[in-house]
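Listed below are the residues making up each chain.
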Amino acid sequence: MTKRPERPSGGGSRLARRFRKQWPARVGLAALVAVLGYANVSFTLAEALRRDAGRAYALAPYDGRMTARWAGVLSGPEATASDRLRGDELARKALRQDPVNVPAAAALGFNAQERGDAATARRAFAYAERLSRRDPMTQLWGIEEAVARNDIGDAVRHYDIALRVKPELGEVLFPVLAAASVEAPVQAQLVRTLTARPPWSEGFVSFLATRGTDPQATAVLLQRLDRAGVKAPNAAKAALLNALFSSGQSDRAWAYYATIRAGVSRDRARDPGFTGQPDVPTLFDWVVVGDGGIVGTIGKGGFDFSAPASVGGPMLQQVQLLPPGDYRLRGHSSDVDQPDGALPYWALVCQGGRELGRVTVSRSSQSEGRHAGMLRVPQDCPVQTLVLVARPSDNIAGLSGRIDHAALEPLSRGGRT
């Protein structure tokens with residue numbers, strides 16, 4: 001029996017190495033995904049068939065399907081020259097047995113491509129696509145061939161077809177398609193494609209937001225989709241905003257936040273009455289935190305919290321980008337009843353950990369539950385976090401209560417920029 005191809009060693013193929021050299025980085029990225037996707041998919045298919053393809057062909061050499069399956073195994077990305085010759089022979093036989101045999105045509109195309117015979121590969125794959133658009137190898141080669149012609153529209157069309165036909169290809173195609181989306185022509189074509197809402201669109205947008213290489217370009221893409229009526233999932237928006245912030249682009253993170261939360265202002269805290277909590281909060285929204293048994297929930301116009309006896313720590317926070325100046329924090333609580341040394345407090349903390357000041361939450365039985373205090377933001381603290389902190393309590397029942405209002409605002413117009 002003909003020698004079976006060995007498992008590839010490493011992630012790429014000779015084709016991948018050739019395209020790395022042939023194309024500049026701008027285009028080579030898309031070419032590389034086609035090649036790597038092609039190699040990975042063809043190898044995966046070969047692995048699935050390897051156990052029985054040769055035996056099936058030996059038992060039914062008259063069956064074009066079995067002939068084509070064995071031809072495909074012998075035409076994998078790491079096949080030897082003799083394997084490919086045998087694969088071509090079998091593929092031609094399969095086409096004589098069944099002239100509409102797509103895998104056989106694809107095997108001929110792949111072997112021709114590996115030999116550098118682009119014209120033969122183009123004819124073989126064009127024939128395969130005329131027979132059926134459902135062959136993933138044909139579509140992956142189509143991406144490669146379109147990139148070679150610098151035809152971004154056709155390349156994205158083949159991406160679309162491949163991902164519709166075989167959704168699991170997203171694992172291979174999403175990473176490099178996401179990386180290529182930073183280029184304006186690719187992004188423009190992606191917007192047109194995603195506006196049609198293909199079944200893979202939500203998965204790709206989520207991948208882009210959480211694992212994309214350029215959060216700024218992703219933000220532009222999501223904004224363009226939004227204007228076209230395609231809404232990204234809230235989880236994707238939150239992940240993207242947090243990625244922008246984590247990469248040190250706090251101003252761009254805020255600019256993106258302002259597009260998804262109407263009417264926000266960076267000179268004050270958001271949602272003082274706890275009435276607009278999104279289902280997936282960003283770091284510029286109220287975020288419940290805490291461990292060691294601290295529990296907090298936002299709902300019904302307030303923040304309810306509890307902490308076991310002798311346990312303290314942060315319970316609630318919201319990132320701020322307050323301009324330098326003086327600010328007043330005003331709040332209202334209910335059901336807070338602790339000794340002075342165990343009352344919770346608000347802290348405004350600079351990025352890096354420097355605390356700018358505190359405002360204690362008074363007992364709810366005093367001042368009708370109101371509390372207030374002054375905080376100052378210096379010039380050298382562009383990013384802050386407003387945090388509600390629990391102090392350890394000696395009360396056997398621990399700490400509990402509710403904050404139903406928390407406003408942080410500039411003391412005067414002089415505190416604004």
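In the block above lies the structure referred to throughout.
Residues numbered from 1 in each chain as written. Predicted model: local features only at pLDDT ≥ 70, side-chain atom pairs only at ≥ 80, totals over all residues. Heavy atoms only, no water.

J.: Got a sec to walk through the sheet that holds strand S9 (residues 384–390)? Specific residues and values, please.
T.: Each strand in a sheet pairs with another by means of backbone hydrogen bonds, the pair being arranged parallel or else antiparallel. On the basis of which strands lie adjacent, the open sheet formed by five strands has the order S1-S4-S9-S6-S7 and antiparallel pairing. The open sheet has two edge strands, strand S1 (287–288) and strand S7 (355–360), and neither has a second partner. (Pairing = 2+ DSSP bridges. Helix = DSSP H or I, 4+ residues; strand = E, 2+ residues; numbered from the N terminus.)

J.: Could you give an account of the side chain of Thr282, naming the residues involved and the relevant values?
T.: Tracing the backbone shows Thr282 in the loop between helix H15 (250–260) and S1. Engagement of the side chain of Thr282 in a polar contact is seen with the backbone nitrogen of Phe284, the distance being 3.2 Å. Residues within four places of Thr282 in sequence aside, it is in contact with Ala238, Leu241, Asn242, Tyr257, Arg261 and Val287. (Polar contact = N/O pair within 3.5 Å; in protein donor to acceptor, adjacent residues only side chain to side chain. Contact = heavy atoms within 4.5 Å.)

J.: Give a description of helix H13 (residues 215–227) that names residues and reports values.
T.: End to end, H13 covers 18 Å across 13 residues, agreeing with the expected 18 Å (1.5 Å per residue, within 8%). Of the positions making up H13, those classed as buried are Pro215, Ala217, Thr218, Ala219, Leu221, Leu222 and Leu225. Between the side-chain oxygen of the N-cap and the backbone nitrogen of Gln216 there are 3.1 Å, and the N-cap of H13 in question is Asp214. With its phi angle positive at about 90°, Gly229 sits one or two positions after the end of H13. (Expected span 1.5 Å × (residues − 1). Buried < 20%, exposed > 50% of the residue type's maximum accessible area, 1.4 Å probe, protein only.)

J.: With reference to specific residues and values, describe the state of the cysteines.
T.: Evaluated as defined, the whole model comprises one disulfide. A sulfur-sulfur distance of 1.9 Å marks the disulfide that ties Cys350 to Cys381. Across the disulfide from Cys350 to Cys381, rotation about the S-S bond amounts to roughly -135°, and the bridge is consequently left-handed. Of the two residues, Cys350 sits in strand S6 (residues 345–350) while Cys381 sits in the loop between strand S8 (370–377) and S9, which places them 31 residues apart along the sequence. (Disulfide = S-S within 2.5 Å.)

J.: Break down the sheet that holds S8 for me, citing the residues and quoting the values.
T.: One open sheet accounts for five strands, arranged S2-S3-S10-S5-S8; its pairing is antiparallel. Bordering the open sheet on either side are strand S2 (295–298) and S8, each of which pairs with just one other strand. For this sheet, the mean inter-axis angle between neighbouring strands, taken without regard to orientation, is 25°. Bridge count between strand S5 (residues 325–334) and strand S10 (residues 399–410): eight bridges; the pairing is antiparallel. Bridge assignment links His332 to a residue of S10, and that residue is His405. (Axes fitted to C-alpha atoms, helices over the stretch in contact; angles between N-to-C directions.)

J.: Summarise the pattern of salt bridges; cite the residues concerned and give the values.
T.: What the rule picks out here adds up to 24 salt bridges. Note that Glu409 is salt-bridged to Arg268, the shortest N-O span being 3.6 Å. Placement of the pair is Glu409 in strand S10 and Arg268 in the loop between H15 and S1, with a sequence separation of 141 residues. Among the ionic pairs, Glu368 bridges to Arg370, the shortest N-O distance being 2.4 Å. Under the relative-accessibility criterion, Glu368 is labelled exposed at 58%. Residues joined by salt bridges that share partners form a network here, namely Arg122, Glu129, Glu145, Arg149, Asp151, Asp154 and Arg157. (Salt bridge = Lys/Arg side-chain N within 4 Å of Asp/Glu carboxyl O.)

J.: Can you explain the packing of helix H6 (residues 102–114) against helix H7 (residues 118–131)? Please cite residues and give values.
T.: Contact geometry of H6 with H7 gives a least axis separation of 8 Å together with a crossing angle of 160°. Between H6 and H7, the crossing angle belongs to the class labelled roughly antiparallel. Here the hand of the crossing between H6 and H7 comes out left-handed. Here Val102, Ala105, Ala106, Leu108, Gly109, Phe110, Ala112 and Gln113 of H6 lie close against H7, whose contacting residues are Ala118, Thr120, Ala121, Ala124, Phe125, Tyr127, Ala128 and Leu131. Residues that form the contact of H6 with H7 fall into these classes: 13 nonpolar, three polar and no charged. (Parallel < 35°, antiparallel > 145°, perpendicular 65-115°, else oblique. Left-handed = near helix turned anticlockwise from the far one by under 90°. Nonpolar A, V, L, I, M, F, W, Y, C, P; charged D, E, K, R; others polar.)

J.: Could you give an account of the pairing of strand S4 (residues 313–320), with specific residues and numbers?
T.: Among the eight residues in S4, six count as buried, and that is most of the element. The sheet contact formed by S1 and S4 spans two bridges and is antiparallel. Its bridge partner being in S4, Val288 is matched across the sheet by Leu316. Bridge analysis of S4 against S9 gives seven bridges, and the strand direction is antiparallel.

J.: Tell me about the packing of H13 against helix H14 (residues 234–246), residues and numbers included.
T.: Viewed as axis vectors pointing N to C, H13 and H14 meet at an angle of 150°, and their least axial separation amounts to 9 Å. In this structure, the crossing between H13 and H14 has a hand that is left-handed. Where H13 abuts H14, its residues Pro215, Gln216, Thr218, Ala219, Leu222 and Asp226 lie against Lys237, Leu240, Ala243 and Leu244. Of the residues that constitute the contact of H13 with H14, the class distribution is six nonpolar, two polar and two charged.

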